[in-house]
Amino acid sequence: MLVTKNAAELCVLLISELYGQLPSRMFADLIARGRSTVAQLSQHTSLNQRQVRHGIAVLIQLNLIFHHTDQDSGITYYDANPDAAYNLVRTGKILDMVREKYGPDAQVLVHEVLIQGHAKISDLVTTFKEGHCAQQAGVNGTSQNGHGHNHVNGNGITNGTTDLELVNGDANEDADPEEQAFDSLAHLIAAGILEPVTPTLYQSPQDLRSAVEQEYMANYPTGIRGSKQTSEFEKSVRDRLREIQFDNKRLKRKLEFEFMFDLSAKRRKLTNGASSNGLGSEKARSALSEELDTVVRVNYDKCTVELRNLKLERYAEDLIGDTTAKVYATLLNVLSKKVSRCQTDKSIEVEDENNESSTGPHVTTQEVFEQLSSSIDVSNGIGVLHEEGAVDIRFAEKIRRYPPQLKGSMLKDTLEEGEEIVESDDEDYDHSGEAAANLGLTGLNGSREAKMQVDDGAPVGAQRLHQMRQHLLILAESTQGFVRHCGARDFGEWTVDFEPLLQHLKYLELDTLIENGFGRQGLRLTRILREKGKIDDKTLPGMALMKKPDVHVKMAEMEMAGFLDVQEVPRDNNRAANRTIFFWFFDLERTLQRTLDNAYKSMVRCFQRLDVERRNRKNLLSVAERKDVQGMEEQKLRGDIYNEYVQFLDLEKKLLGQVARLDDIVAVFRDF
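Residues numbered from 1 in each chain as written. Predicted model: local features only at pLDDT ≥ 70, side-chain atom pairs only at ≥ 80, totals over all residues. Heavy atoms only, no water.

Draft legend 1. Molecular detail of the overall build of the chain. Broken down by element type, the chain carries 28 helices and 13 strands. Considering only contacts in the chain between residues 6 or more positions apart, those separated by 24 or more positions represent 72%. Of the roughly 34400 Å² that the chain leaves accessible, carbon and sulfur atoms contribute 47%. (Helix = DSSP H or I, 4+ residues; strand = E, 2+ residues; numbered from the N terminus. Contact = heavy atoms within 4.5 Å. Areas by Shrake-Rupley, 256 points an atom, 1.4 Å probe, with all protein chains shown as cover.)

As structure tokens, this is what we get:
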């Protein structure tokens, strides 16, 4: 896989930061030279083959490299996996997300898997029980408190969180730790955060596709001839790849049926910060107990989906409001059960198996309402109507069955000849709004008695359902297009068109960077070029309402920074400057790639600065890492030494915080 120099250097620094010099040295050679054997790695790194095999074993354990054995020669080739290496920078974010959504017990287990790369279910249960027993025995002195600053030794990305701290946080002393472990593991596997390790996951997408193609080439001894055989061959390969992905999710589907998505069972919820004890059913535990030898690892694709949900929730909160953002977060959580990854894996050309149709997965109002937390007051954040008929229900409840077409410079796929943009019929609208109006629910905030339903023994009013729908309609009517109202089943069907929504988010992040670097004038010029396309330098000052010299200076600055480009079109063969037209234009893809590379470079420099600071304070850190000092630095260290130690921790926190902010930009521009 081709990556830029800065991205490759960042991956090597992340591995060195977390796992040491030997695996980072192996990875650096693989990402620089490409696919290699053990003998080639030994020659390039000047290490003996025994050391090389140790480094390769560590990288395989951590899922940082692919390997493929040639069936004819028996030689094994190793290839770097830069995406997995970069995901190490999100370790802290993933742990925080797991703790917030799945509870502290789940965070302990995910933390253990992240440290080991992959682990057996039986080993995870044993480790969890040992940690629980140690906490119950009262081992919470220096061994626990002193570990809080473990990030000084290179684990800053994990925020210094430890197993004992997590177990000690909210664990239920009376609960069986084995049942807690099984419940959390079943929940994580069913949600897709953890996935079983299969041999195909150690193969690169190219090797996997090549192996499948060779398998089906036996059916064509004389070769593939003609378009018909080519299409049949491609279809067979795609079906086989889809079957492989389906087999890899066997345990996930089993636990989904038994644990999470059994609609006939009572609805289960995981309260934030509370233990997951009691969530797992006996069937889920028994199903997982039959898979004790199954090896699991963290599914970064699913974690990226969850992180995208958090980003979109904050985006909605900034633009609309807190209550509406919480309703939106609930909808995204329900929708994410049908979404396994943010982007389609184009390298193997297998679409997401959970996609319900070409218009994407969708959820109903009833499904969202069942998962809505009772602590959310949905009466806040919506207006009260004082006049009947002030809102046109037919327009507000209009159903848009097809995703919007991107406009202007955001248009990616142009229409072919004879194609048309399919729009919604004006008469196609959801009648749920009229039903609510007939019940007298419109504009009321809790003053009228509503019909009651019973779910899990708790009364749920039709009025609360209607108020939640108002928040969904607000999201659907927003210019950003947070939600699309796509059906009328079960009080309305909703979906999220991620591509146009993330285009808005990309432009928002890009506009922020341009405004910070070049001011309001630079942002104005960029938006004009983005909207109008190529414009010559004589027309641009009039459109921007700026002086011509100011425009030229600002455009030159932005061209040097890589945000704008210029095309020269000579009027004659002399190519004289006064006979040349200069067209300025904005190239989104090129600008995003340049911005991503700059973000990688900034992250590299943050880690390099952190490494320099550690070397400069080597003696201080060696004292602070002593067992008799950890957790009692203020009492054990001299005043001036302790102040210097606190200053270093503050500097480390700032550098790692900057890395996390840069990763947010990378996630929006590349991964979401």
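From this point, the discussion proceeds with the structure in view.
Draft legend 2. Structural detail: the packing of aromatic side chains. Taken as a whole, this structure holds four aromatic pairs when the rule is applied. Aromatic pair Tyr 86 and Tyr 600: ring centres 6.1 Å apart, planes at 70 degrees, arrangement edge-to-face. Highlighted residues: Tyr 86 in helix H5 (residues 82-86) and Tyr 600 in helix H25 (residues 588-616), separated in sequence by 514 residues. Across this residue pair, the class does not change: Tyr 86 and Tyr 600 are buried. Ring centres of Phe 518 and Phe 563 lie 5.6 Å apart, and the angle between their planes is 80 degrees; on these two criteria the pair is classed as edge-to-face. Taken together, the positions of Phe 518 in helix H22 (residues 498-532) and Phe 563 in the loop between helix H24 (548-561) and strand E12 (565-570) put the pair 45 residues apart, joining distant regions of the chain. With a relative accessible area of 12%, Phe 563 lands in the buried category. Chaining the aromatic ring pairs together yields one cluster made of Tyr 315, Tyr 328 and Phe 482. (Phe/Tyr/Trp six-rings, centres within 6.5 Å; stacked < 30°, edge-to-face > 60°. Buried < 20%, exposed > 50% of the residue type's maximum accessible area, 1.4 Å probe, protein only.)

Draft legend 3. Up close: the sheet that holds strand E5 (residues 295-298). Strand order in the open sheet formed by three strands is E3-E5-E4, and the pairing between neighbours is antiparallel. In this open sheet, the two edge strands, each paired with only one partner strand, are strand E3 (118-120) and strand E4 (194-196). If you compare each strand with its neighbour and ignore which way they point, the axes differ by 35 degrees on average. Relative to E5, E3 is paired through three bridges, and the arrangement is antiparallel. (Pairing = 2+ DSSP bridges. Axes fitted to C-alpha atoms, helices over the stretch in contact; angles between N-to-C directions.)

Draft legend 4. Representation of the pattern of salt bridges. In total, this model carries 36 salt bridges according to the counting rule given. A salt bridge links Asp 29 to Arg 33; its shortest N-O distance comes to 3.0 Å. With Asp 29 and Arg 33 both in helix H2 (residues 21-33) and four residues apart, this pair spans about one turn of that helix. Residue classification places Asp 29 among the buried residues on the basis of a relative accessible area of 8%. Residues joined in a network through salt bridges with shared partners are Arg 90, Lys 93, Asp 663, Asp 664, Arg 670 and Asp 671. (Salt bridge = Lys/Arg side-chain N within 4 Å of Asp/Glu carboxyl O.)

Draft legend 5. Representation of the nonpolar core in the model. Residues Phe 27 and Tyr 328 are the most contacted members of the largest nonpolar core, which totals 132 residues. Ranked by residues supplied to this core, first place goes to H22 with 12 residues. What Phe 27 contacts, discounting residues up to four positions off in sequence, is Cys 11, Val 12, Ile 15, Leu 59, Leu 64, Ile 65, Ala 80, Asn 81, Pro 82 and Ala 85. (Core = buried A, V, L, I, M, F, W, Y, C linked by side-chain atoms within 4.5 Å.)

Draft legend 6. Quick look at the sheet that holds strand E10 (residues 493-495). Taken in spatial order, the three strands make up an open sheet running E6-E10-E9, and their pairing is antiparallel. With partners counted over all chains shown, the strands left at the sheet margins are strand E6 (363-364) and strand E9 (484-487), one partner each. Here two bridges tie E6 to E10, and the two strands are oriented antiparallel to one another. Residue pairing for E10: Val 363 is matched across the bridge by Trp 494. The strands that helix H21 (residues 462-477) touches are E9 and E10; relative to E10, the one it contacts most, it runs at about 40 degrees.

Draft legend 7. Structural view of the packing of helix H6 (residues 91-102) against helix H7 (residues 104-116). In contact at an axis separation of 7 Å, H6 and H7 are set at 155 degrees when each is read in the N-to-C sense. One element, H6, and the other, H7, form an angle in the roughly antiparallel class. Handedness of the H6/H7 crossing: right-handed. On H7, the residues that touch Thr 91, Ile 94, Leu 95, Asp 96, Val 98, Arg 99 and Tyr 102 of H6 are Pro 104, Ala 106, Gln 107, Val 110, His 111 and Leu 114. Among the residues forming the contact of H6 with H7, the class breakdown is eight nonpolar, three polar and two charged. (Parallel < 35°, antiparallel > 145°, perpendicular 65-115°, else oblique. Left-handed = near helix turned anticlockwise from the far one by under 90°. Nonpolar A, V, L, I, M, F, W, Y, C, P; charged D, E, K, R; others polar.)

Draft legend 8. Spotlight on H2. Spanning 13 residues, H2 covers 18 Å between terminal C-alpha atoms, matching the ideal 18 Å at 1.5 Å per step. The set of residues buried in H2 consists of Pro 23, Ser 24, Met 26, Phe 27, Asp 29, Leu 30 and Ile 31. Once H2 ends, the next one or two residues include Gly 34, with phi positive near 90 degrees. (Expected span 1.5 Å × (residues − 1).)

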